[in-house]
Structures are given as structure tokens and as C-alpha cells.
Amino acid sequence: MDGAGGPGEGPAQEALQSLSQRLQVQEKEMELVKAALAEALRLLRLHAPPSPLQDPDTPAPTRDSSPAAPPGLPPTCGPSLVSRGTQTETEVETEPSPGPPGLSNGPPAPQGGSEEPSGTQSEGGGSSSSGTGSPGPPGILRLVQPPQRADTPRRNSSSSSSPSERPRQKLSRKAASSANLLLRSGSTERLLISTSLTSLPWMFLRGRPITMYIPSGIRSLEELPSGPPPETLSLDWVYGYRGRDSRSNLFVLRSGEVVYFIACVVVLYRPEGGPGGPGGGGQRHYRGHTDCVRCLAVHPDGVRVASGQTAGVDKDGKPLQPVVHVWDSETLLKLQEIGLGAFERGVGALAFSVADQGAFLCVVDDSNEHMLSVWDCSRGTKLAEIKSTNDSVLAVGFSPRDSSCIVTSGKSHVHFWNWSGGTGVPGNGTLTRKQGVFGKYKKPKFIPCFVFLPDGDILTGDSEGNILTWGRSLSDSRTPGRGGAKETYGIVAQAHAHEGSIFALCLRRDGTVLSGGGRDRRLVQWGPGLVALQEAEIPEHFGAVRAIAEGLGSELLVGTTKNALLRGDLAQGFSPVIQGHTDELWGLCTHPFQNRFLTCGHDRQLCLWDGEGHALAWSIDLKVETGNLIPAFHPLPSRWLVLDTETREIVSDITDGNEQLSVVRYSPDGLYLAIGSHDNMIYIYSVSSDGAKSSRFGRCVGHSSFITHLDWSKDGSFIMSNSGDYEILYWDVVGGCKLLRNRYDSRDREWATYTCVLGFHVYGVWPDGSDGTDINSLCRSHNERVVAVADDFCKVHLFQYPCARAKAPSLVYGGHGSHVTSVRFTHDDSHLISLGGKDASIFQWRVLGAGGAGPAPATPSRTPSLSPASSLDV
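Residues numbered from 1 in each chain as written. Predicted model: local features only at pLDDT ≥ 70, side-chain atom pairs only at ≥ 80, totals over all residues. Heavy atoms only, no water.

## Some words on the layout of surface pockets
Operational definition: The distinction between a cavity and a pocket rests on a 1 Å grid over the protein atoms alone: a 1.4 Å probe fits inside a cavity but cannot get out, while a pocket stays open yet meets protein on both sides within 12 Å along at least five of seven lines, and a residue with an atom within 4 Å of a point counts as lining. Grid points are joined across faces, edges and corners, and a volume is the space filled by probe spheres set on the points. Under the convention adopted here, Pro, Cys and the residues Ala, Val, Leu, Ile, Met, Phe, Trp and Tyr are nonpolar, Asp, Glu, Lys and Arg are charged, and Gly plus all remaining residues are polar.
Here the largest pocket is characterised by a volume of approximately 1400 Å³. Lining the largest pocket are 45 residues, with Phe 251, Val 451, Leu 505, Cys 506 and Leu 507 sitting closest to its centre. Classifying every residue of the lining of the largest pocket by side-chain character gives 31 nonpolar, seven polar and seven charged.

As C-alpha cells, this is what we get:
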């Protein structure tokens, strides 16, 4: 059928779409009902009394791979979302419950019955003798199914009015579906909620009901703190430098500060003085970007800075557009936002003009066509734009003698651009390209860098290790515009400078040129005619030379491919001032009585950081085959486990199970070590008094998925653990690593640390609609006042503790450019450490406000040191 549709085609199409959407919703609801009915039947079979025909010797049903919900709780269902429920949010009917107002024990107990629970089933599916109608323990939200006749009138908590007069509250579709499954299946029985539990939380996480046991000391959730915490965070120090995969990332400002970037933060580092002592220097941070910074350019005035970011997505999955910020390095205020909505994927390279005192900015984006554009810096308007090349562009720059001449280089090309009409109407400027011809010289695969010489010639460094000199010549044809006679460039000289690629070229104030090699890691100074004058070699563990910047006097700053920033000169050599990891980070732990912390990750490096001196104390390559490392400190003075801190050699190597180990925790007294594994077990070791030896004590067997988090009780006898299928289980370690099937008995237990992401005390940190992976790490402060949360959306949150109210408010802090994988407070709560995942960044936040520097734990009488007997566990 061709031609235009009839007048009714539009409404018909809309109606068809609406019906299709309704059908999809109904199909999802039917899947939910089927799954819930199947689970309900399984639970009935599991808890039904033995049949008279059943063999009494037949063993009881065993725990399957899909743990059952506790009796009386909503059956497991399918949605992969977090749904929270309270009485004020549900449409379920209520039953009266005698007793004082506030928290309730659940449904009324039979007369004469005990008020104490008897065998309440664990989250993992333990046994219960109470059945579906038994009284629940105090302080737990229980949904029960009491037997009722269809004609039996029901009452709400305030009156015995007819059902039509009962108040009905609103609930989201997903939560309502979960709360009324039996009703929808046609049963006359409904899921009921205890009347006096007006605010008790429960949540569905990937269809799993998770119940929260309320401590006996809390009579009402209204007693708990509300609102954001009085403490705040201030970014104190950023460890790391992005040299592994970026260029144009190191400059020195007029103030003498070194400017570079990592993650979403541009760091201004003062090599001497400031906080941290003479060796630590000081840092300031520009934090205006919403995603990872990829390149920098410094204005000729040495004060203004342009920084370009990559594209990204926000928490809701909406794209974040790449943009260039022009900002003042003295005030850290943004002056101009350039190119919002004009770039694709990200900003790959940028440069200020020099001849016009930085009036213009040239930008190359990371699109397939690598669009080259010129912008008015003061107005933020685009003056010209053109498709550059389909090959990658690695560098761009204005000629310092003539702003109409722009050079770009990258994969197998050097392009010379002539820009005209830039002072006219925005967008009317033109860019014309002339490709550099290599002629008799071998065409390299990449030309990563170039530099303009004072006489107008250009030097390029390529992947063959050669430095080519491109000389200028004037053509006979004259072109109108600012350029005058058209300039062309040809190769006039070649010098073999390095083995492997040349990653950086730098023109010094005395007219000499520095080149930095990749494979050979050499830094060479060249005089006129490319005569080598002096050289130095960068140590192998720092990586290759990525960027070079000239500091004060003869001082040089060198950025390396292993994310280190070195300082020194060719004669005296170089020493690191900034170091970092090179791959995804996951492991973090803080020292129990020093301002130090350990980090490790996929790069196999184990690093000990000095939080006061803002420096790397030491690092070692563990040379392990597995990708992830998890550290833990032994809490006793001068005692670490597994690694000798003087020789940094492994003193013990123990294997548990056949799968990855995901979490490591010492007991508070250091007598036990718990190791959570992906084989669903927690391995318990007893530790010798010196912390150097350990022996298997037992295994905690009962989880149905891999272990994600665990914490020890303050007395060192019990463990609370979370797993990949969102179980909350409790274990009696001293009593033989036994599973505590009555989880209610642990409601008042005090925990030495709180890093488990599931539990009553941290219920409110979960966002609505979570799929269970949104929170990567959680940590309670030692003074038990705040909770820090690392989420999957590049943010660090700060909540009040306990956080047991749904949708609890928090203070949110950005800066990481990847999922935040871990957060930990230092021993005195003065600082918070957070790890970025793929951006390999480490942020040290200063905790400000009430309780920011709470009382520190008792310090040993002698000063702890890193002696040969000291050990740590990885």
C-alpha cells in the first residue's frame, strides 16, 4: 500500500501502541503471579506436616539453591528492582495488634503463648516451628496469611467499619503486585501487615524479600535521625595521574603549580610547601566536569586553562554531552563553557592560539570524522568547523607566529590547516587542508607529537623513533585573508632519536628541545641541528615518558605511562612526586591506628599510602595470575599478615576453594581471620599471637551465592554476612562456625565494623529501583555517626547512622569518573578514602563538621613501625 494514510491512521496507530504496552505490562504481571504461586506451593510443601503415607525415615527437605523466604513473608518473585514497603505505602489490609503504640511483635500471639520467638527461619531458608501463623519476633515486619472465611469481616487498625470505609493507600505497581499476589491468584486469603508496624522497612531486591530486624532499644523509627548528616566532605588529596592512555595532560602554570588531571578532577599541584610538609606539597582541585577529563591546554597568560571531557551517562542512563571548560586557575571559577552539544564522544585535543594572545581555541573531537573547530574564547562561539580525517588525531596546535596556521597530527598523517575569516560572523570562517608529504622518508604509523621552533620550522616525533624537521616555504600563489602568501611545509631533515615511539616533545626556554621515548624510556635534550646534548633514563617501574613540562629554573616535570609524575633534571635524575595505580581498583583497607591505607586491584600492585605525607610508602608487584586483590590489616600493633613489610616478600600462601576470594576481615582482637569466597563459603582461620601464622579453624557453610560483605561483632565471636543473592546470615564462629537460624537473636548484637550493604541500620541507603548492584561498598565511621556509600554512578554519599528510613537524604560528592568501588574511614574518622574503578583514582576526603574527628581508639604505648614481623593479608 502506497500513498498517504487515511485520516484515522494516526489515532489507530496510537491505540495499537497503547494496547501493545498494556499487553506487555499484563505479560509481566502474569509472569510475576506464576513465579509467586510456584514459590508459594514450594513453601507449602516444604513446611507442611509429614503425610501419613510418608516414610518416617525420609530425610527432611534440604536447602536448595534458591533460598526460601521466611514463613509469612511475600514469596519470591521476579522483578529485578528494589521495592520498599511500609503500611503507609501499601494497599494490603491490616489486622489489630494489642500492645503499646510504636513497634510491634507482629501478629497477635495466642493467649497464654510465649512472646519469645521459637526457631524463626533465617533469610537463607532455615527451619521454623512456628508455621505461617505463628507470632513473629518483636521488631520485624512480617506479612502473614491467617486462615479466614470469605464472609468474615475484617477491621483496620482504627475502626471496625465496613471494608468500603477502610483507607487505601497508594503503592507503586511493582510493590502492589508483590503485596497482593495471593489476592490476584483468586484466593480469599490476603497478605496482611501488622497494624502497629507503621514504618518498619522491608524490600524486594531482584524479587527477594529482605526483612529487617529492629533492635529492641528502638521503639519507633521516628526516634532515628532524619535529614543529611552534619558532617561534610572536602576533597583533600587525589592520588594518581592519568598518563597511561592520555596526552596533553601536563603543564606548569605561571604560579609554578603543576596542572594535570585524573578522573573528573583537574589537579593543581604545588611541589613545595603547603599541607603535608616540604615533601608532600599541596593540591587544589577544579571539579567542574561531569565526566573524565581527556586533555588540557594552558592559555598564553599562564592563568587560564581549558579542559575537555569525554561523553558519559548520568544515573538515569541519559547521555552527558562532552564539553570544554575554560576556567581561572587562581580562583577555580569557570569562565566559559564551549561546545556543549557540538562534540561527539569526547574532546580529543585542544590548543589556544598564541599570536593573538589566546583569543581563539582549536578543538578536535573524538567522532569518526574527528571534527576540527575554531572557537572564540571570550564569547564561546564557533568560528569555523571542518571534517578532519577518519584516522585518529593525537595532537593539535596553533603556529606561535601566525594564528591562521593550525597543525594536526595522528595516525599516519600530518596536516597543515589554513584558517581564514575567523574575525567575521561566527560560523563563516573556512579551514583548508594541505597534507604533509613524506616523500623519500618512511611514512610512520603514528605521529603522536610535534613542536614549533622559534624560526618557524616544525619538529614531529613518530612511532619509528625519528624526529622529522618540516621546513617552511612560500608558494607563488597568493590567497586573500590573514595568511598572506600561502605557506607549505616539506621535510628537510631526519634524526633517529629513540628506540620505539616518541611520545613527547618539549621546547625549552633556552631554545633546546626535549624528547621522551616510549620503549627506551630515555629523555634526551637536543641542540641546533638535532645534536644530542644530554640525556637521562627513567627507571623501568615508572614506565615510559608520556609528557614533559618545564618547571622553574632547570627543573623538569615528567609524566609517565604508569601514571607517575616525576620531578628533577637531566643531571641529578628524577624522583616521583605523584604515583598511582594503572588498572581497575577494588581493594582498600585502612590502618587500625595510623593514617595509612592499602590499595590493590587488577594491576597486581599492592600499595601502602601515607595519608599524612600524601605519598606512596611502598608498592610491590605480587605477580599473581588472578585479577583482583583484597587487602586486610591485622589489628594488633606492628602485626600484619602474609607479607613481610621489610622484605615485602610473601611469608604465607594459603589456598581456599577453587574460586575467587572476595572479602577479607580480621576479628577485632586479631584472633580470627574470615575470608569470603565465590564458592559460597566463609573460611575461618585462627591467627597466632604474632600475626604471622594461621591455621584453618572452620568453614561457614550455608550461603547459596558468593560472599560479598562480612563484619565481625565487637566481641569477636559472631559474623554477619551478605551474599550475591542478597541474603543476610549470622554465624557463631567461636561456637563452631554455626549458622544462627534464628536471626532475630542477633538484632541487638553490636558490630565492630559495618560494611554489609544489607541490614536494618543501612536500609535507607538503597535508592528506589535498584537492581542490587548500585551500591558497591559501604562503611560506618568508627564513632558510629555517619555511613559512607560508594555507588555505581561515580558518586560518594554520606548518610546519618543508623540509616533506617526509606529514601534517606544524603550528601553527594562527585569527582570519580568511574564506578566507585570502595570507601573506608581512617582510624580516627578524620578522613574518608574512596577508590575509583576503571579510572584508577584514589581520593582522600577530609571529614568536616560535628564528629568529623571523633575520639581515636587507644594507641599502643610504643610507636608502631613496619618491622620484619609485621604482616598483612591480601
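Additional details are given in the paragraphs that follow.
## Here we look at the environment of Met 720
The condition is simple: Only DSSP runs of H or I with at least four residues qualify as helices, and only runs of E with at least two residues qualify as strands; both kinds are numbered from the N terminus onward. The buried label goes to any residue with under 20% of its type's maximum accessible area, the exposed label to any with over 50%, and the partly exposed label to all in between, with areas taken from a 1.4 Å probe on protein chains only. Whether two residues are in contact is decided by their heavy atoms, any of which lying within 4.5 Å being enough.
Along the chain, the position of Met 720 falls in strand 48 (residues 718–723). We classify Met 720 as buried; its relative accessible area is 1%. In this structure, the C-alpha to C-alpha distance between Met 720 and Thr 755, residues 35 residues apart in sequence, is 9.7 Å. Not counting the four nearest positions on each side in its chain, Met 720 is found in contact with His 709, Leu 710, Asp 711, Ile 728, Leu 729, Tyr 730, Trp 751, Tyr 754 and Cys 756.

## Details of empty space enclosed by the protein
According to the stated counting rule, one finds one cavity of 30 Å³ or more in the structure shown. Along the walls of the largest cavity sit 14 residues, with Tyr 213, Tyr 730, Tyr 754, Phe 760 and His 761 positioned nearest its centre. Residues that form the lining of the largest cavity fall into these classes: eight nonpolar, four polar and two charged.

## As for the UniProt feature "repeat: WD" (unreviewed entry) in the protein
So the rule is basically this: UniProt positions are given in the numbering used here, feature names are shortened, and annotations may be inferred rather than shown by experiment.
UniProt marks residues 578–610, 654–695, 700–733 and 813–847 with the feature "repeat: WD" (unreviewed entry), using the numbering shown here. The annotated region residues 578–610 carries 0% helix and 58% strand content, and the separation between its end C-alpha atoms amounts to 12 Å. In this annotation, residues 813–847 is assigned 0% helix and 54% strand; the end-to-end C-alpha distance for the span is 12 Å.

## A few points about the state of the cysteines
Quick reminder of the rule: Two cysteine sulfur atoms make up a disulfide if the distance between them is within 2.5 Å.
Applying the stated criterion to the full structure yields zero disulfides. Take Cys 264: it sits in no disulfide, and the sulfur closest to it among the cysteines is that of Cys 292, at 4.9 Å. On the accessibility criterion, Cys 264 (3% relative accessible area) is buried.

## A few points about the confidence of the model for the protein
Where we set the bar: pLDDT: the predictor's confidence for each residue, scored from 0 to 100.
Averaged over all residues, the pLDDT of the protein equals 77, while 70% of them reach at least 70. Low pLDDT, under 50, characterises residues 83–200; the stretch is placed with 264 contacts to residues that sit more than four places away or in other chains.

## Thoughts on the sheet that holds strand 10 (residues 265–270)
As a reminder of what qualifies: At least two bridges found by DSSP between two strands is the condition for calling them paired. Where helices are involved, their axes are fitted lines through C-alpha atoms of the stretch in contact, as for all axes, and angles between N-to-C directions lie from 0 to 180°.
Taken together, the four strands give an open sheet; going across it, the order is 8-9-10-11, and neighbouring strands pair in antiparallel fashion. The open sheet terminates on both sides in strands that have one partner only, identified here as strand 8 (250–252) and strand 11 (282–286). For this sheet the average axis-to-axis angle between neighbouring strands, irrespective of direction, equals 30 degrees.

## Side note on the side chain of Thr 310
How we decide: For this analysis, a polar contact is any N or O atom pair within 3.5 Å, provided that within protein one partner can donate a hydrogen and the other can accept it, and provided that sequence-adjacent residues contribute only side-chain to side-chain pairs.
Inspection of the secondary structure assignment puts Thr 310 in the loop between strand 13 (304–309) and strand 14 (312–313). Owing to a relative accessible area of 15%, Thr 310 belongs among the buried residues under this scheme. Engagement of the side chain of Thr 310 in a polar contact is seen with the backbone oxygen of Arg 345, the distance being 3.0 Å. Discounting chain neighbours no more than four positions away, the residues touching Thr 310 are Asp 291, Cys 292, Arg 294, Pro 322, Arg 345 and Gly 346.

## Considering the nonpolar core
In a soluble, globular protein the nonpolar side chains are often hidden away together inside. Operational definition: Within this scheme, the nonpolar core is defined by two criteria: the residues are buried Ala, Val, Leu, Ile, Met, Phe, Trp, Tyr or Cys, and they are joined through side-chain atoms within 4.5 Å. Domain limits in this description derive from either an automatic procedure or a database domain assignment.
Residues Leu 250, Tyr 260 and Leu 832 are the most contacted members of the largest nonpolar core, which totals 43 residues. Considering each element in turn, this core owes the most residues, five residues, to strand 7 (residues 232–239). Taken domain by domain, this core gets at least three of its residues from each of domain 1 (227–233 + 582–849) and domain 2 (240–475 + 487–499). Setting aside residues no more than four positions away along its own chain, Tyr 260 makes contact with Gly 240, Tyr 241, Asn 249, Leu 250, Val 265, Val 266, Val 267, Tyr 269, Gln 283, Leu 296, Leu 565 and Ile 578. Leu 205, Ile 210, Leu 221 and Val 765 belong to the second-largest nonpolar core, a separate cluster that totals 32 residues.

## Focus: the packing of aromatic side chains
Inclusion rule: We call Phe, Tyr and Trp rings a pair once their centres come within 6.5 Å, taking the six-membered ring for Trp, and we label the pair stacked below 30 degrees between planes, edge-to-face above 60, and tilted otherwise.
Using the criterion set out here, one finds 17 aromatic pairs in the structure. A ring pair is formed by Phe 343 and Trp 375, whose centres lie 5.8 Å apart and whose planes are at 70 degrees; its orientation type is edge-to-face. Remark: Trp 375 occurs in strand 20 (residues 371–376) and Phe 343 occurs in the loop between strand 17 (334–338) and strand 18 (347–352); sequence separation between them is 32 residues. With respect to burial, Phe 343 and Trp 375 carry one shared label: buried. Judged by centre distance (4.8 Å) and plane angle (80 degrees), the rings of Phe 360 and Trp 419 are edge-to-face. Of this pair, Phe 360 sits in strand 19 (residues 360–365) while Trp 419 is found in strand 24 (residues 413–420), placing the two residues 59 residues apart along the sequence. The buried category is assigned to Phe 360, whose relative accessible area is 9%.

## Digging into the pattern of salt bridges
Defined as follows: By definition, a salt bridge exists where a carboxyl oxygen of Asp or Glu is found within 4 Å of a side-chain nitrogen of Lys or Arg.
This structure, assessed with the given rule, holds 22 salt bridges. Notably, a salt bridge pairs Glu 337 with Lys 334, separated by 3.2 Å at the nearest N-O pair. A relative accessible area of 34% places Glu 337 in the partly exposed class. The class for Lys 334 is partly exposed, based on a relative accessible area of 45%. For Lys 442, the salt bridge identified is with Glu 464, shortest N-O distance 3.6 Å. Linking Lys 442 in the loop between strand 25 (430–435) and strand 26 (449–452) with Glu 464 in the loop between strand 27 (458–461) and strand 28 (466–478), this pair joins segments that are 22 residues apart in sequence. On the basis of relative accessible area, Lys 442 is assigned to the exposed category, the value being 59%. Judged by relative accessible area, Glu 464 falls into the partly exposed class, the value being 29%. Each member of the salt-bridge network shares a partner with another, and the members are Lys 714, Glu 750, Arg 780 and Glu 784.

## Digging into the pairing of strand 13
In terms of residue burial, strand 13 counts as a mostly covered element, since five of its six residues are buried. Inspection of the sheet shows strand 12 (residues 293–298) paired to strand 13 by five bridges, in the antiparallel sense. Bridge assignment links Cys 295 to a residue of strand 13, and that residue is Gly 308. Connecting strand 12 to the next strand, strand 13, in antiparallel fashion are five residues, including Gly 302 with a positive phi near 70 degrees. Where strand 13 lies against strand 16 (residues 324–328), five bridges are found, and the strand directions are antiparallel. The residue bridging Val 305 from the neighbouring strand is Trp 327, located in strand 16.

## Examining the pairing of strand 57 (residues 842–848)
Counting buried positions along strand 57 gives five out of seven residues, so the element sits mostly inside the fold. As paired strands, strand 7 and strand 57 are joined by seven bridges and run antiparallel to one another. Bridge assignment links Thr 232 to a residue of strand 57, and that residue is Leu 848. Relative to strand 57, strand 56 (residues 831–836) runs antiparallel, the two being bridged by five bridges. Bridge pairing in strand 57 places Ile 833 opposite Gln 844. Taken together, strand 56 and the strand that follows it, strand 57, pair antiparallel across an intervening segment of five residues, in which Ala 840 is found at a positive phi of about 55 degrees.

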